[in-house]
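Below are the chains, spelled out letter by letter.
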Amino acid sequence: MPKINGNEIRPGNVLEHNGGLWAAVKVDHVKPGKGGAFAQVEMRNLRNGSKLNERFRSADKVERVRLEQKDQQFLYESDGMLVFMDTETYEQIELPADLLGDRRPFLQDGMTIVVEFHESEALNASLPQKVTCKIVETEPVVKGQTAANSFKPAILDNGVKVMVPPFVGQDEDIVVNTETMEYAERA
């Protein structure tokens, strides 16, 4: 595995540190007046989700890990475990539902997501950036209400509340950004 210098760490990098796999969440480069510069790195453990703040000098070497990304199709959920199938080998794997966090409601039957593996151990799952949902409940469309940036609350078919523009009505399909959990466009 490639080793990188402490000042080459970027957010999103996966590092092997203290015997665990960590994802760099936030990286601040600090140059104090006295002493050498260092990178203040906030990391999240990929196995148990714990957080750690660590300082790396530019001379420090860190092990950077490359994760293998595979497309997996969502089949069903049972006992808090999500069951996925590899679209090439048809092997089935189970992942804990809390791996997706608050984005879990956007996972739909048959949806293909990207799962990251490290030596056949599934560590992370990411949904497609945009998902189409139906509005179940919202205020009626009001003609002439075109004030700048006035949004109204809406409840989607998966139970998630999002803010939508005033021209979007009930039973319409909209596209939701799964990263920001906000309205993107009409479907």
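Computed from a predicted model, the values in this text were never measured in an experiment.

Undergrad: Hey, could you run me through the pairing of strand E8 (residues 81-86) in this one?
TA: Where a strand is regular, its side chains alternate between the two sheet faces. With five of six residues buried, E8 is to be regarded as a mostly interior element. Sheet topology places strand E7 (residues 68-78) next to E8; six bridges connect them, and they run antiparallel. Along E8, the bridge assignment pairs Ser78 with Met81. Remark: two residues form the turn of the hairpin made by E7 and E8, two consecutive strands paired antiparallel; Asp79 in that turn has positive phi of roughly 50°.

Undergrad: What is the right way to read the environment of Gly20 from this model?
TA: Counting through the fold element by element, Gly20 comes out in strand E3 (residues 20-30). Residues Gly20 and Lys34, spaced 14 residues apart in sequence, show a C-alpha to C-alpha distance of 32 Å.

Undergrad: Help me understand the pattern of salt bridges, please; the structure alone is not making it clear to me.
TA: Considering all chains together, one arrives at eight salt bridges under this definition. One salt bridge connects Arg47 with Glu121, and the closest N-O pair in it is separated by 3.0 Å. Pair noted here: Arg47 is in the loop between strand E4 (38-45) and strand E5 (51-57) and Glu121 is in strand E11 (residues 121-126), with a separation of 74 residues, a long-range link.

Undergrad: What am I meant to see in the nonpolar core here?
TA: Among the nonpolar cores identified, the biggest contains 26 residues, and Phe106, Leu107, Ile113, Leu156, Val164 and Ile174 are the most heavily contacted of them. Among the elements of the structure, E8, strand E10 (112-118), strand E12 (130-138), strand E13 (152-156), strand E14 (161-164) and strand E15 (173-177) are those that each provide at least two residues to this core. In contact with Ile113, other than residues within four places in its own chain, are Lys70, Asp71, Gln72, Phe84, Leu107, Ala125, Ser126, Leu127 and Pro128. Grouped together as the second largest cluster of nonpolar side chains are 11 residues, Ala24, Val27, Phe56 and Val62 included.

Undergrad: Sorry if this is basic, but what is going on with the pairing of E7 here?
TA: With six bridges connecting them, E7 and E10 associate as antiparallel partners. By the bridge assignment for E10, Glu68 is matched with Phe117.

Undergrad: How should the side chain of Thr178 be read in this particular structure?
TA: Note that Thr178 resides in the loop between E15 and strand E16 (182-186). The contacts of Thr178, once residues within four sequence positions are left out, are Arg103, Phe106, Leu127, Pro128, Gln129 and Val131.

Undergrad: Please explain the confidence of the model for the protein as it appears in this structure.
TA: Residues shown with low pLDDT carry predicted positions that ought not to be read at fine detail. Here the protein shows a mean pLDDT of 87. Residues at 70 or above account for 97%. Within the protein, the element-level pLDDT minimum falls on E11, averaging 82, and the maximum on E15, averaging 93.

Undergrad: Would you mind going over the side chain of Asn177 with me for this structure?
TA: In this structure, Asn177 sits in strand E15. The exposure class assigned to Asn177 is buried, which follows from its relative accessible area of 14%. Polar contacts involving the side chain of Asn177 include one to the main-chain amide nitrogen of Glu179, which spans 2.9 Å. Setting aside residues up to four positions removed in sequence, Asn177 forms contacts with Gln129, Glu182 and Ala184.

Undergrad: I would appreciate a short explanation of the sheet that holds E13 in the present structure.
TA: Strand pairs in the sheet, formed through backbone hydrogen bonds, run parallel or antiparallel to each other. Read across the open sheet, the five strands follow the order E14-E13-E12-E15-E16; overall the sheet is antiparallel. Sheet topology places E14 and E16 at the edges, where each strand pairs with a single neighbour. Across the sheet, the mean angle from the axis of one strand to that of its neighbour is 55°, orientation sign disregarded. Bridging between E15 and E16 involves four bridges; their strand directions are antiparallel. By the bridge assignment, Val175 is partnered in E16 with Glu185.

Undergrad: Would you mind showing me how to read the environment of Gly110 here?
TA: Along the chain, Gly110 falls in the loop between strand E9 (92-96) and E10. Along the backbone, Gly110 and Ala97 are 13 residues apart, and their C-alpha atoms lie at a distance of 16 Å. Residues contacting Gly110, with those up to four places away along its chain left out, are Gln73 and Phe74.

Conventions we followed
- Residues numbered from 1 in each chain as written.
- Predicted model: local features only at pLDDT ≥ 70, side-chain atom pairs only at ≥ 80, totals over all residues.
- Heavy atoms only, no water.
- Buried < 20%, exposed > 50% of the residue type's maximum accessible area, 1.4 Å probe, protein only.
- Helix = DSSP H or I, 4+ residues; strand = E, 2+ residues; numbered from the N terminus.
- Pairing = 2+ DSSP bridges.
- Salt bridge = Lys/Arg side-chain N within 4 Å of Asp/Glu carboxyl O.
- Core = buried A, V, L, I, M, F, W, Y, C linked by side-chain atoms within 4.5 Å.
- Contact = heavy atoms within 4.5 Å.
- pLDDT = per-residue confidence, 0-100.
- Polar contact = N/O pair within 3.5 Å; in protein donor to acceptor, adjacent residues only side chain to side chain.
- Axes fitted to C-alpha atoms, helices over the stretch in contact; angles between N-to-C directions.

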